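Here are the chains, one letter per residue:
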Amino acid sequence: MSTKISSNENLHFENLWVILILIKTYSIVNLGGFKMAEQMKAFVMKRIGEVGWITKDRPKCGPTDAIIKPLALAPCTSDIHTVYEGGVGERFDMVLGHEACGEIVEVGELVKDFKVGDRILVAAITPDWNSVEAQAGYPMHCGGMLAGWKFSNVKDGVFGEYFHVNDADGNLALIPKGMDYGTACMLSDMVPTGFHSAELADIQFGDVVAVFGLGPVGLMGVAAAALKGAGRIIAVDSREQVVPIAKAYGATDIVDFKKAPADEQIMELTDGKGVDRVLIAGGDQKVFATAVKVLKPGGRIGNVNYLGSGEFIEIPRVEWGAGMGHKQIFGGLMPGGRLRLEKLARLIEFGKLDPSLLITHRFEGFENVEKALELMRTKADGVIKPVVYMTSQRINE
């Protein structure tokens, strides 16, 4: 028995196909208002010593993940260590960058707290929060030492038209209303890493603290020391342009290591007593010897400096009390995570901290990422921190 389909029924099926196409189109539009291309433009480390632009596949979204479109990006000295010193070893066509804020364009089906269109903060360190290392209190080392540092290390970074964030519910936070996107980028790394140096050193109120290296991380270390109640903060650097910013964040004394050895100046300032805590946010392996020399017995050193080259760190035997001086050294990668982002953002939102003082250069347009990174490499034009805004809109409204 045969069945004939009338012209009206044919019209019905045609309309059905139109509806299905419209539904599919609508679902694509809801992924950020546009269809994401299968490929994207990205600024990469082509190999040690070489960077450039390439086209590569855009990242895929897993069930607990999110795909982000950048709103602003910031290069870091760590990117320089990675590319030009081979700090993490050889990489080929790896997307650079770990400092960004952005807008969600896709979320996995198991993500509960974030949706497409949310404008978000993301930390440079994005742990897997269900890992045993996270349960042990060291999320930054989930899956192995430093393995919570995924961007431009074990996977592509943020200097692409899209970037991937694992464990979105644990690693994202909403950008507060009214926050500048450049300031939001400082919450990726500069603020949380600088503050972690103060956490590692366990600063107590009234402590005398020395801060080595007044790049953006060190300046945030100064701010953190002040917020934690340090009585005196001795900031060590040789660049004149960072002095007023360090003082604005709470530095009470400035030591220029080019005028005389830093340890001699610090011991003179403290009448030979030394300091209770040392924060290390810059310099090479030799800075540890200086830190140990100025540290009191029972003191703590908090290091967050990325040592991109060299094999060993030398500790002066005598000044370390022949190994028995109770001079403790703590080096750590900052933890990352949503709760930390939300707490640090609150300091900015309610006027306790202003990281915008770090930003000396502002660019507009994705293509200027290359120029901003080169500025960080050369340290030209008095740069402390450059930021690249994707568009002319710079405030989260």
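Residues numbered from 1 in each chain as written. Predicted model: local features only at pLDDT ≥ 70, side-chain atom pairs only at ≥ 80, totals over all residues. Heavy atoms only, no water.

Asker: When you look at the overall build of the protein in this model, what are you seeing that I'm missing?
Answerer: The helix and strand inventory of the protein stands at 12 helices and 16 strands. On the principal axes, the C-alpha backbone points of the protein span a range of 105 × 45 × 45 Å. Counting the 397 residues in the protein, one finds 53% classified as buried. Considering only residue pairs separated by 6 or more positions, the protein has 72% of its internal contacts joining residues 24 or more positions apart. Put simply, the protein has 42 plus and 49 minus side-chain charges, and the middle of one group is 2 Å from the middle of the other. (Helix = DSSP H or I, 4+ residues; strand = E, 2+ residues; numbered from the N terminus. Buried < 20%, exposed > 50% of the residue type's maximum accessible area, 1.4 Å probe, protein only. Contact = heavy atoms within 4.5 Å. Lys, Arg positive; Asp, Glu negative; His and termini not counted. Charge placed at Lys NZ, Arg CZ, Asp CG, Glu CD.)

Asker: I tried to follow the nonpolar core on my own but got confused; where do I start?
Answerer: Side chains that are nonpolar tend, in soluble globular proteins, to be buried together. Grouped together as the largest cluster of nonpolar side chains are 61 residues, with contacts concentrated most on Leu 121, Met 186, Leu 187 and Tyr 249. Sorting elements by how many residues they give to this core places helix 7 (residues 216-227) first, with seven residues. Not counting residues up to four positions away in its chain, the partners in contact with Met 186 are Ala 74, Glu 99, Val 191, Pro 192, Pro 355, Leu 358, Ile 359, Lys 385 and Val 387. Counting residues in each nonpolar core, the second largest holds 40 residues, with Ile 68, Ile 104, Tyr 162 and Val 388 among its members. (Core = buried A, V, L, I, M, F, W, Y, C linked by side-chain atoms within 4.5 Å.)

Asker: Please explain the pairing of strand 9 (residues 208-212) as it appears in this structure.
Answerer: Consecutive side chains of a regular strand alternate in pointing toward one face of the sheet and then the other. By the criterion of burial, strand 9 is predominantly enclosed, with five of the five residues buried. Where strand 9 lies against strand 10 (residues 232-236), five bridges are found, and the strand directions are parallel. Among the inter-strand pairings, Val 208 is bridged to a residue of strand 10, identified as Arg 232. Remark: the strand 9/helix 7/strand 10 crossover connection has right-handed handedness. Both strand 9 and strand 12 (residues 275-280) contribute to a ladder of four bridges, which runs parallel. Counterpart to Ala 210 in the pairing with strand 12 is Val 278. (Pairing = 2+ DSSP bridges. Right-handed = clockwise from strand over helix to strand, strands pointing away.)

Asker: Teacher, can you tell me more about the pattern of salt bridges here?
Answerer: Pairing is possible between side chains that carry opposite charge, provided their charged atoms lie close to one another. For the coordinates displayed, the defined rule picks out 17 salt bridges. Note that Asp 156 is salt-bridged to Lys 56, the shortest N-O span being 3.0 Å. Separated by 100 residues along the polypeptide, Asp 156 in the loop between helix 3 (132-135) and strand 7 (163-165) and Lys 56 in strand 2 (residues 50-57) bring together distant segments of the chain. Residue Asp 156 is classed as partly exposed on the basis of its relative accessible area, which comes to 28%. The partner of Arg 239 in a salt bridge is Asp 237, and the shortest N-O contact between them spans 3.2 Å. Under the relative-accessibility criterion, Asp 237 is labelled buried at 9%. Each of the salt bridges in this network shares a partner with another, and the network as a whole consists of Asp 113, Arg 338 and Glu 342. (Salt bridge = Lys/Arg side-chain N within 4 Å of Asp/Glu carboxyl O.)

Asker: Is there a simple way to think about the pairing of strand 6 (residues 119-122) in this case?
Answerer: The pairing of strand 5 (residues 100-107) with strand 6 spans four bridges and is classified as antiparallel. Across the sheet, the residue bridging to Cys 101 is Leu 121, located in strand 6. Judged from the three bridges that link them, strand 6 and strand 8 (residues 172-174) form a sheet pairing that is antiparallel. When the sheet's bridge partners are listed, Val 122 is paired in strand 8 with Leu 172.

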